[in-house]
Amino acid sequence: MSLTAEERTAAAIAARRRAADVMIGRVRDVVAQIRRERAKVTFAAVARRADVSRTFLYQNDTARKLVEAAAAEAAGRFGADQAEKAAHTEATWRERALNAEESLKATNAKVLAQRTQIAVLLGRFRDLESDLPSDAFQHLISENTTFKYRVRQLAQDNKSLEGRLKGARENNRFLDKRIADLESRILDMQQGRET
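Residues numbered from 1 in each chain as written. Predicted model: local features only at pLDDT ≥ 70, side-chain atom pairs only at ≥ 80, totals over all residues. Heavy atoms only, no water.

## Focus: the packing of aromatic side chains
Taken as a whole and assessed by the stated rule, the structure comprises one aromatic pair. Ring centres of Phe43 and Tyr58 lie 4.4 Å apart, and the angle between their planes is 20°; on these two criteria the pair is classed as stacked. One end of the pair, Phe43, is in helix α2 (residues 43-50); the other, Tyr58, is in helix α3 (residues 54-59), with 15 residues separating them in the sequence. (Phe/Tyr/Trp six-rings, centres within 6.5 Å; stacked < 30°, edge-to-face > 60°. Helix = DSSP H or I, 4+ residues; strand = E, 2+ residues; numbered from the N terminus.)

## Some words on the nonpolar core
Counting residues in each nonpolar core, the largest one holds 19 residues, and the members touching the most others are Val27, Val41, Val46, Val52, Phe56, Leu57 and Val67. Of all elements in the fold, only α1 (5-37), α2, α3 and α4 (61-129) reach the threshold of two or more residues within this core. Among the elements that line this core, the one with the most residues is α1, at six residues. With residues near it in sequence (within four places) discarded, Val67 still touches Val27, Val31, Val41, Thr42, Phe43, Val46 and Leu57. (Core = buried A, V, L, I, M, F, W, Y, C linked by side-chain atoms within 4.5 Å. Buried < 20%, exposed > 50% of the residue type's maximum accessible area, 1.4 Å probe, protein only. Contact = heavy atoms within 4.5 Å.)

## What to know about the pattern of salt bridges
Any two side chains of opposite charge can pair, given that their charged atoms come close. According to the stated counting rule, one finds six salt bridges in the structure shown. Across the pair Glu37 and Arg49 runs a salt bridge whose closest N-O atoms are separated by 2.9 Å. Of the two residues, Glu37 sits in helix α1 while Arg49 sits in helix α2, which places them 12 residues apart along the sequence. Judged by relative accessible area, which is 41%, Arg49 ranks as partly exposed. Across the pair Glu68 and Arg64 runs a salt bridge whose closest N-O atoms are separated by 3.9 Å. One end of the pair, Glu68, and the other, Arg64, are both in helix α4, four residues apart, so they sit about a helical turn from each other. Given the relative accessible area of 40%, Glu68 is considered partly exposed. Accessibility expressed as a relative area gives 24% for Arg64, which makes it partly exposed. (Salt bridge = Lys/Arg side-chain N within 4 Å of Asp/Glu carboxyl O.)

## Thoughts on the confidence of the model for the protein chain
Residues with a pLDDT of 70 or more make up 91% of the protein chain, whose mean pLDDT is 83. Element-level mean pLDDT values for the protein chain span from 80 in α4 up to 88 in helix α5 (residues 134-194). (pLDDT = per-residue confidence, 0-100.)

## Structural notes on the packing of α1 against α2
When two helices pack together, their arrangement is captured by the angle between the axes and the distance separating the axes. With their axes 9 Å apart at the nearest point, α1 and α2 run at an angle of 120° to one another. Viewed along their axes, α1 and α2 adopt a mutual orientation that is oblique. Of the two possible hands of crossing, α1 and α2 adopt the one that is right-handed. Touching Arg26, Val27, Val30, Val31, Gln33, Ile34 and Glu37 of α1 are Val46, Arg49 and Ala50, all from α2. Split into classes, the residues belonging to the contact of α1 with α2 amount to six nonpolar, one polar and three charged. (Axes fitted to C-alpha atoms, helices over the stretch in contact; angles between N-to-C directions. Parallel < 35°, antiparallel > 145°, perpendicular 65-115°, else oblique. Left-handed = near helix turned anticlockwise from the far one by under 90°. Nonpolar A, V, L, I, M, F, W, Y, C, P; charged D, E, K, R; others polar.)

## Re α1
Between its first and last C-alpha, α1 extends 48 Å over 33 residues, near the 48 Å set by a 1.5 Å rise per residue. Positive backbone phi, at 60°, marks Arg38, one or two positions downstream of α1. (Expected span 1.5 Å × (residues − 1).)

## Let's talk about α2
Among all positions in α2, only Phe43, Ala45, Val46, Ala47 and Ala50 are buried. The positive-phi residue at the C-terminal boundary of α2 is Asp51, with phi of around 60°.

## Focus: the side chain of Asn158
One can find Asn158 in helix α5. On the basis of relative accessibility, which here comes to 14%, the residue Asn158 falls in the buried class. Aside from chain neighbours lying at most four places away, what touches Asn158 is Leu104, Thr107 and Asn108.

In structure tokens form, the structure reads like this:
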């Protein structure tokens, strides 16, 4: 039982279509797997994993559209992930700057309260100075020296916190510039894809 040329051609075409359908099924499965893995979608990666040739991916419209759609989706996801990371980083630095500013305000309030207390105590010491015996006077002088040392220490702490606040603000400005740069890059990439 021999087949005619037309029957052989029809059988070859049918076999080729079945093989193409099988390969497209593998491409679909691989694209779905790559999407789940959130990996980069490229023609080479899909061809390697689906065990098909790159030529098949480029020449078969269905396969090409599957890969291109997955690549476009992955690129959009990448941009969204980058924006989310940038927003998280900005929020972290903004929170640190606010915490440093709050600490500085609290320290300034403590320093002011302690200076007021020192002034009140110094006034009391001066009032009592005339009534005190000679050895109590030395005790008051040593306490006064201790208070002065504490004031100097608090002033140094205040200066240190001001430096940290300044650094946090500079970091925040740097990150704002970085975010603006990343946003412009994302817009440029999106505009480049649209054209």
